Amino acid sequence: MLRFGRLFSTSRARLDTLAFVETAGSKISPAALSTITAASQIGEPVVALVVGSSGKAVAEDVSKIPEVSKVIVAENAQYDHYLAEEVSPLVAKILQSNTDLTKFFISASAVGKSILPRAGALLDVQPVSDIIKVESPTTFVRPIYAGNALATVESSDSIIMASVRSSAFAPAAVGSGSAPIEPFTEQIDSKCRTTFVSEQLVTSERPELGSATKVVAGGRGLKNKETFEKLIEPLAEKLGAAIGASRAAVDSGFCDNSLQVGQTGKIVAPELYVAVGISGAIQHLAGMKDSKTIVAINKDGEAPIFNVADIGLVADLNEVVPELTEKL
């Protein structure tokens, strides 16, 4: 007996991951490169999204990253300052109009923390924040309780959205790739009631704190701004390191709040982290305890910072820091 029927294809439909590329000074930010690395670990083609009036120039560099299969460019000045009320509707529109895009990754930076929840709300999706490991296309690991515990989270949403802790993933390299660049020209009516007024940027010749391989951080033990500048800046200069600070130092006015390391500041994981006059509150430890080598200088031998330090020096920082700087 013969049976007749239709032949169905069993091939899997194409699924892509959209990665948002944040820029800094018309260049790809290190956090964005780490986001692309995380997105590539899903095992699906990575589509990069670049926005802003300088998008075309940045897209040329992004297209050279081997992990990127395509670059979408929304070259419009309305996205220049990453206002979440402008960018989130754009992200939602791209994900809704392209059924191949089933995942969205963005850095867990200030920009990402602003855009992701709004985009998730527009799509009625629950984002997974601050992931540090990709277990599978739907399962991720993220820190909870100020980094004292790790949670494995599985998402069952139709579109999976996540923010990436950049210090947990190596940055992707700009190589010799040649991904196609596709312009996105559709005008999105965001009905945005927020306008950009101005910004005050802290400029420095030193490495950027979030991506630096060496960090020298000062805390409340430095007593005042003058001592902070006198001791921390020369040591950082000798080491070629970025400068960081505890929240107590920032709140006391020792330095700008952009230098804050910790749960409510920046998360760093450099090769070398030198903590000067930092006691080691749990919120600060959450932001730096993944550093490869931690050096602590504090006159209080019972300070919590020594519990995570690889090298500890119990001494008066006013004496040992200038001596250390001189001998380097």
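Heads up: the structure comes first, above all this text.
Residues numbered from 1 in each chain as written. Predicted model: local features only at pLDDT ≥ 70, side-chain atom pairs only at ≥ 80, totals over all residues. Heavy atoms only, no water.

Chemist: Please set out the sheet that holds strand β1 (residues 16-20) residue by residue, giving values where relevant.
Modeler: Taken in spatial order, the 7 strands of this open sheet run β7-β11-β6-β1-β4-β5-β12, and their pairing is parallel. Two strands lie at the open edges of the sheet, namely β7 (128-131) and β12 (181-183), each paired on one side alone. Within the sheet, the average angular offset between the axes of one strand and its neighbour, ignoring direction, is 25°. Where strand β5 (residues 68-74) lies against β12, 3 bridges are found, and the strand directions are parallel. Of the residues in β12, the one forming a bridge with V71 is I181. Each of β1, β4 (46-51), β5, β6 (101-107) and β11 (160-164) is contacted by helix α3 (residues 84-97), which is oriented at about 155° to β6, the strand it contacts most. (Pairing = 2+ DSSP bridges. Helix = DSSP H or I, 4+ residues; strand = E, 2+ residues; numbered from the N terminus. Axes fitted to C-alpha atoms, helices over the stretch in contact; angles between N-to-C directions. Contact = heavy atoms within 4.5 Å.)

Chemist: Explain helix α2 (residues 55-62) to me, using residue names and the numbers behind them.
Modeler: All of the buried residues along α2 are G55, V58, A59 and V62. For α2, the angular spread of the buried residues around the axis is 105°, confining them to a single face. Away from its buried face by more than 90 degrees, α2 exposes K56 and A57. If you follow the buried residues of α2, they end up packed against β2 (23-24), β3 (27-28), β4, β5 and β12. (Buried < 20%, exposed > 50% of the residue type's maximum accessible area, 1.4 Å probe, protein only. Arc of directions from axis to C-beta.)

Chemist: Talk me through the pattern of salt bridges; I want residue IDs and the actual numbers.
Modeler: Going through the model one piece at a time under the given rule, you end up with 9 salt bridges. R247 serves as the salt-bridge partner of D251, at 3.3 Å between the closest nitrogen and oxygen. In this pair, D251 and R247 both sit in helix α6 (residues 247-251), 4 residues apart, roughly one turn of the helix. Residue D251 is classed as exposed on the basis of its relative accessible area of 56%. With a relative accessible area of 48%, R247 lands in the partly exposed category. Note that E323 and K327 form a salt bridge whose closest N and O atoms lie 3.1 Å from each other. Of this pair, E323 and K327 are both found in helix α8 (residues 317-327), 4 residues apart, which corresponds to roughly one turn of the helix. (Salt bridge = Lys/Arg side-chain N within 4 Å of Asp/Glu carboxyl O.)

Chemist: I'd like to hear about the pairing of strand β16 (residues 293-298), residue by residue, with values.
Modeler: Of all 6 residues in β16, 5 are buried, a share of seventy percent or more. Sheet analysis places strand β15 (residues 272-276) next to β16, joined by 5 bridges and oriented parallel. Counterpart to V276 in the pairing with β16 is I297. As a crossover connection, the stretch from β15 through helix α7 (residues 282-288) into β16 is right-handed. Note: β16 against strand β17 (residues 311-314), 4 bridges, orientation parallel. Along β17, the bridge assignment pairs V295 with I311. (Right-handed = clockwise from strand over helix to strand, strands pointing away.)

Chemist: Account for the sheet that holds β16, naming residues and giving values.
Modeler: Taken together, 5 strands build an open sheet; the order of strands is β14-β13-β15-β16-β17 and the sheet is parallel. Strands at the two margins of the open sheet, each flanked by one partner only, are β14 (242-245) and β17. Across this sheet, the average inter-strand angle for adjacent strands is 15°, counted without regard to direction. Across the sheet, helix α5 (residues 225-239) is in contact with β13 (214-218), β14 and β15; its angle to β13 comes to roughly 170°. Sheet contacts for α8: β15, β16 and β17; angle to β16, the most-contacted strand, approximately 135°.

Chemist: Summarise the packing of α3 against helix α4 (residues 110-123); cite the residues concerned and give the values.
Modeler: Two packed helices can be described by the angle between their axes and the distance between those axes. Running from amino to carboxyl end, α3 crosses α4 at an angle of 50°, the nearest separation of the two axes being 8 Å. Overall, the two elements α3 and α4 adopt an arrangement that is oblique. When you trace α3 past α4, the crossing you get is right-handed. Only S114, I115, R118, A119, L122 and L123 of α4 make contact with α3, whose side of the interface consists of A84, E85, V87, S88, P89, V91, A92, L95 and Q96. (Parallel < 35°, antiparallel > 145°, perpendicular 65-115°, else oblique. Left-handed = near helix turned anticlockwise from the far one by under 90°.)

Chemist: Describe in detail the packing of aromatic side chains, supporting the description with residues and values.
Modeler: According to the stated counting rule, one finds 3 aromatic pairs in the structure shown. Ring centres 6.0 Å apart and planes at 70° place the aromatic pair F105 and F140 in the edge-to-face group. With F105 in strand β6 and F140 in strand β9 (residues 139-144), this pair connects stretches of sequence that are 35 residues apart. Residue F140 is classed as buried on the basis of its relative accessible area, which comes to 0%. Aromatic side chains F228 and F254 sit 6.5 Å apart centroid to centroid with 50° between the ring planes, which places their arrangement in the tilted category. Here the residue F228 occupies a position in helix α5, and F254 occupies one in the loop between α6 and β15, the gap between them amounting to 26 residues. Note on F228: relative accessible area 2%, which makes it buried. (Phe/Tyr/Trp six-rings, centres within 6.5 Å; stacked < 30°, edge-to-face > 60°.)

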